[in-house]
Amino acid sequence: MSNATHTKDDVAAAPETEDAAPRTSVGEHLRRRVQAQALQIVLVWLVICAIFSTLAPTAFLDVTNFRNIAVSVAILAVLGVGTTFIIVTGGIDLSMGSILVFSGVVSSLTMERLGDGQGWGVALVGILVALGCGLAWGLVNGFFVAKAKVPPMIVTLGTFGAALGLAQVFTGGIDRRAVPDVLVNTVGFGQVAGVPILVLVAALVVVLGIVLLRRTKFGLHTSAVGSNPEACRRVGINVDRQLIRVYAFAGLLAGLAGILNLTFFRSTTIAGHSLTNLDVIAGVVIGGTSLFGGIGTVFGTVVGLLIPATLRNGFVILGVAPYWQQVVVGAFLVGAVYFDQVRRASATRGRPRSSLFSRIFTHHRKDS
Amino acid sequence: MSTDAIYEARGIVRRFGAVQALDGADFDVRPGEVSALIGDNGAGKSTLVRILSGADAPDGGTISFQGRELTLTSPTDARDLGIETVFQDLALANHLDPIQNMYLGRELMRPGLLGRLGFMQRAEMRRRGAEAFDSLGATVRDYEGAVSGMSGGQRQAIAVARAATWADKVIFLDEPTAALGVVQTKGVLDLIRRIRDQGLGVVYISHSMPEVLEVSDRVHVMRQGRRVAVYDAKSSSVEELVGAMTGALETREAS
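Per chain, the residues get numbers from 1 upward, laid out in the order the sequence is written. Chains carry letters from A onward and ligands carry numbers from 1 onward, assigned in written order. Note on the predicted model: pLDDT of at least 70 is required for a residue's local features to be given, and 80 or more for side-chain atom pairs to be given and counted; whole-chain, interface and lining totals, by contrast, use all residues.

Participant: For the overall build of chain B, give the residues involved together with the corresponding values.
Facilitator: Helical segments are the DSSP runs of H or I of at least four residues, strand segments are the runs of E of at least two, and each set is numbered from the N terminus. Counting its secondary structure elements, chain B contains nine helices and ten strands. Computed over C-alpha atoms, the radius of gyration of chain B comes to 19 Å, within 12% of the 18 Å expected from 2.2 N^0.38 for 255 residues, which places it in the range of a compact globule. Here a residue counts as buried when 20 or more other C-beta atoms sit within 10 Å of its C-beta, as exposed when there are 12 or fewer, and as partly exposed otherwise, the C-beta atoms being derived from the backbone. For chain B, the proportion of its 255 residues judged to be buried stands at 52%. By definition, residue pairs are in contact when their C-beta atoms, positioned from the backbone, come within 7 Å. Within chain B, residue pairs in contact and separated by at least 24 positions form 67% of the contacts whose partners lie at least 6 positions apart. The globule rule used here is 2.2 Å times the number of residues to the 0.38 power, and the radius of gyration it is set against is calculated over C-alpha atoms.

Participant: Give me the sheet that holds strand β4 (residues 60-65) of chain B: which residues, what numbers.
Facilitator: Residues and elements named next belong to chain B. If DSSP finds at least two bridges between two strands, the strands pair. Reading across from one edge, β2-β1-β4-β5 is the order of the four strands in this open sheet, with antiparallel pairing throughout. A strand with exactly one partner marks an edge of an open sheet, and here the two such strands are β2 (19-29) and β5 (68-70). Direction aside, neighbouring strands of the sheet carry axes that sit 30° apart on average. In this sheet, β2 lies alongside strand β1 (residues 7-16) in antiparallel orientation, the contact comprising eight bridges. Within β2, the residue paired with A9 across the bridge is F27. To obtain an axis, a line is fitted to C-alpha atoms, over the contacting stretch when the element is a helix, and the angle between two such axes runs from 0 to 180 degrees between their N-to-C directions.

Participant: Explain the pairing of strand β10 (residues 226-232) of chain B to me, and be specific about the residues and the numbers.
Facilitator: Residues and elements named next belong to chain B. Most of β10 is tucked away: five of the seven residues are buried. As paired strands, strand β9 (residues 218-223) and β10 are joined by six bridges and run antiparallel to one another. The residue of β10 that forms the bridge with R223 is R226.

Participant: I'd like a description of the packing of helix α10 (residues 197-215) of chain A against helix α15 (residues 298-318) of chain A, backed by residues and values.
Facilitator: Residue and element names in this part refer to chain A. As a packed pair, α10 and α15 sit with axes 8 Å apart at the nearest point and diverge in direction by 145°. Of the residues in α15, those touching α10 at V206, G209, I210 and L213 are V298, F299 and V302. Residues belonging to the contact of α10 with α15 are distributed by class as follows: six nonpolar, one polar and no charged. Each residue is assigned to one class: nonpolar for Ala, Val, Leu, Ile, Met, Phe, Trp, Tyr, Cys and Pro, charged for Asp, Glu, Lys and Arg, and polar for all the others, Gly among them.

Participant: Provide a residue-level description of the confidence of the model for chain A, including the pertinent values.
Facilitator: Residues and elements named next belong to chain A. In this model, chain A carries an average pLDDT of 84, and 83% of its residues clear a pLDDT of 70 or more. Per-residue confidence from the predictor is given as pLDDT, running between 0 and 100. When the criterion is pLDDT under 50, residues 1-25 qualifies, and its contacts beyond four places in sequence or with other chains add up to 36 contacts. When the criterion is pLDDT under 50, residues 350-368 qualifies, and its contacts beyond four places in sequence or with other chains add up to 26 contacts.

Participant: Outline helix α8 (residues 152-171) of chain A, supporting the account with residue identities and numerical values.
Facilitator: Structural remark: α-helix, 3.6 residues per turn; residues separated by three or four positions point the same way. Residue and element names in this part refer to chain A. Spanning 20 residues, α8 covers 28 Å between terminal C-alpha atoms, matching the ideal 28 Å at 1.5 Å per step. All of the buried residues along α8 are P152, V155, T156, T159, F160, A163, L164 and A167. On an axial view of α8, the arc spanned by its buried residues comes to 150°, and they lie on one face. Seen from the open side of α8, the exposed residues pointing more than 90 degrees away from its buried face are G165 and V169. Residues of α8 that are buried in the fold lie against α6 (96-113), α7 (120-146) and α14 (276-286). Directly beyond the C-terminal end of α8, a positive phi value near 70° is found at G172. Helix span, expected: 1.5 Å multiplied by one less than the number of residues in the helix. By definition, the arc is the one covered by directions from the helix axis to the C-beta atoms.

Pasting the structure below:
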């Protein structure tokens, strides 16, 4: 009788009082669902592709077209990797578009000063300068977030304005076009086996980001800091240093994106990146990374960036006003955060609650 | 059971502004023994534990570990000595799984270049971590799920087992059963006994007198920033403990 009066929760919680019968626990559900969100997003993207393919079989379903989509996502993906890390720490980055522009401007000006060199020597200097600029801005962000305890949104809003403003000061607001031909011909427009080098570089960064976040101590501590900074301090993790490293890493990638952007557009595109931060954050969030920190995947971010790009591409092909893309992406963004909230609510409530969304896709989920 | 204290505090003083949190408090921990620390709210239990775990510095008094006087400047100092603490808020990283929590900050790195690049021995940590949980009887049913999805009892068991795994000498548990149901509490108390049986000194803070009498060997009573009595749990009673806590009874020191 006494046994029968135990509630399910009590039995589940009591160490030792239950045999070790394997049963899918709540935690396991949560983990599966987190990983499933990236897969769900892939399915959403595939559905979008399927719809466009049906409506415009020849124009959309074409290797060249997919190459275009990949190229349009490449630079955002490089930024998205760094932003994913930042959002996993529970922070936010609004500055990466400006850091990209700043890095491109300083790099272009430097290469200009070095003379009209079109060779690899000048190119290498330009690359290093861009990376250095990005890293420096990232360190500035990280320092103010970690040491000065200024909220990340304010810090990066400040550097968003400052980096863009300085880029305009250096150039008088007029775009620079100095890029060595060797860079334009390779990174800008070169291809390897039909794949643009720009896309290859982005893919390399993405793979690096996935491995770094999921397999290394750096990634683990990034999640841990976003999950519970106090717990990290108690076990002796230097939380401030970890935050600075994460922001520096994101800055470095923004610098890389700066040189990629410069070589692809052959211009510093000073006015072209005022909304890049919102595009990237939207991609990261649609990809299942939680704005509250602790959870996130780089893979999800890439898919989250592919969806807006694919919509834009498909709408253009179909002759739909491309402005609709903004409307649809906006809806996706709100939907993604809604599902994140549902997920968190079910996690703190201690039992998985299947949403309509997860029920629809349950049988497609795989444990990856 | 040895009766020599492994960790000892004498005359600890701690003031917060005008508030005298500790007013010459004594305390001692013996290996292989559960020392309960009880007292009314504001008696100084938590302050004492924070000082003994390195999270706070005393204004006066001495702390000695294995007979040697020392000064702790951070929780890391205490951990290096084999002293672990489980605070009430557990301090688990919610999005990580039990094994990742156990090894958080103490990751086993791969040898050589891969380790330098930050790659961990994940399989080895899983194996050793699961062994450690099992050996303490902390039945973790799911080593791969985030701890945020687990019940209060499971989370408490994970936090206690983590501390017990890394503690060689002393483990402080600040009200580990406060938020738990009856069955969950029994599980944690069993876990405490097993930790004691491994030879560690366990310090157990609780407001529940029956639990204190059930699990502990000695009961230290604090009142107004001092230890006012030490009782042998086997020969004490709830009435006696409450009397000492409130100051209604004459207090005495047990052996």
